[in-house]
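Commentary on secondary and tertiary structure
Here are the chains, one letter per residue:
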Amino acid sequence: MREKFARFMAGRYGMDSLGRFTMGFTLVMIVFNYFSTNRLIPLLAWAGIILTYYRMFSRNVYKRSAENQQFLNRTAKFRRWFYTQKNRFAQRKTHHIYKCPSCRQKIRIPRGKGRIEIRCPKCNTTFIKNS
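Throughout what follows, the structure given in this document is the object of discussion.

1. Brief notes about the overall build of the chain
When helices and strands are counted, the chain shows 5 helices and 4 strands. In the chain, the succession of α and β elements from N to C terminus is α-α-α-α-α-β-β-β-β. Over its C-alpha atoms the chain spans a radius of gyration of 24 Å, topping by over 25% the 14 Å that the globule rule assigns to 131 residues. Dimensions of the chain along its principal axes, counting C-alpha atoms only, are 60 × 40 × 30 Å. Among the 131 residues that make up the chain, the fraction classed as buried is 23%. For the chain, contacts bridging at least 24 residues in sequence account for 38% of all contacts bridging at least 6. About 10400 Å² of surface is accessible on the chain, with carbon and sulfur atoms providing 59% of the total. Of the charged side chains in the chain, 28 are positive and 4 negative; the average position of the first set lies 9 Å away from that of the second.

Below you can see the structure in the form of structure tokens.
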């Protein structure tokens, strides 16, 4: 069965970031439909499902890839912000992140070193902070 599906999907686009986003949006619309009486929400959910499957089974790989790249370019700042917050959260127990008072450059300092003098690598300003 798996080989049949693999042969069927050969030459087709498959799932990508835009496909995952539309499927997630569709699932949110389906859940939201249970709490609302608006008739537009099920139509949006069905449109999302149809769009996702259309893109997934499409043989026009170049066009689907261009659509995905456009989606990634438009959401780059949003995704970068989440990635930064995730990294900062992961390092919160081992490092402090300070900003240079003159140039606002972010500097990562290990915790537990006491009161230290920090030199900014960008503008060479020195300032004292607790680590």
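Right, picking up where we left off after that structure.
2. Side note on unusual backbone geometry
At arginine 104, a position not held by glycine, the phi torsion is positive, near 65°. The phi dihedral of asparagine 124 is positive, around 60°, even though this residue is not glycine. Looking at where asparagine 124 falls in the secondary structure, it is placed in the loop between β3 (115–119) and β4 (126–130).

3. So, the pattern of salt bridges
Applying the stated criterion across every chain yields a total of 3 salt bridges. Here aspartate 16 ties to arginine 55 by a salt bridge, and the two come within 3.0 Å at their closest N and O atoms. Pair noted here: aspartate 16 is in the loop between α1 (2–9) and α2 (17–34) and arginine 55 is in helix α3 (residues 40–57), with a separation of 39 residues, a long-range link. Here aspartate 16 matches arginine 55 in class, with each residue buried. For arginine 64, the salt bridge is made with glutamate 67, and the minimal N-O distance between the two is 3.0 Å. One end of the pair, arginine 64, and the other, glutamate 67, are both in helix α4 (residues 61–74), 3 residues apart, so they sit about a helical turn from each other. Owing to a relative accessible area of 4%, arginine 64 belongs among the buried residues under this scheme. A residue is classified by how much of its surface remains accessible, and glutamate 67, at 25% relative accessible area, is partly exposed. Overlapping salt bridges bring together Asp16, Arg55, Arg64 and Glu67 as one network.

4. Here's the deal with a positive patch on the surface
A contiguous patch of positive charge on the surface is contributed by Arg88, Lys99, Arg104 and Lys106. When you line up the elements, lysine 99 lands in strand β1 (residues 95–99). The class of lysine 99 is partly exposed, set by a relative accessible area of 42%.

Reading guide: rules and limits
- Residues numbered from 1 in each chain as written.
- Predicted model: local features only at pLDDT ≥ 70, side-chain atom pairs only at ≥ 80, totals over all residues.
- Heavy atoms only, no water.
- Helix = DSSP H or I, 4+ residues; strand = E, 2+ residues; numbered from the N terminus.
- Rg over C-alpha atoms; globule rule 2.2 N^0.38 Å.
- Buried < 20%, exposed > 50% of the residue type's maximum accessible area, 1.4 Å probe, protein only.
- Contact = heavy atoms within 4.5 Å.
- Areas by Shrake-Rupley, 256 points an atom, 1.4 Å probe, with all protein chains shown as cover.
- Lys, Arg positive; Asp, Glu negative; His and termini not counted.
- Charge placed at Lys NZ, Arg CZ, Asp CG, Glu CD.
- Salt bridge = Lys/Arg side-chain N within 4 Å of Asp/Glu carboxyl O.
- Patch = residues over 30% accessible without salt bridge, like charges linked within 9 Å, V, L, I, M, F, W, Y side chains within 5 Å.

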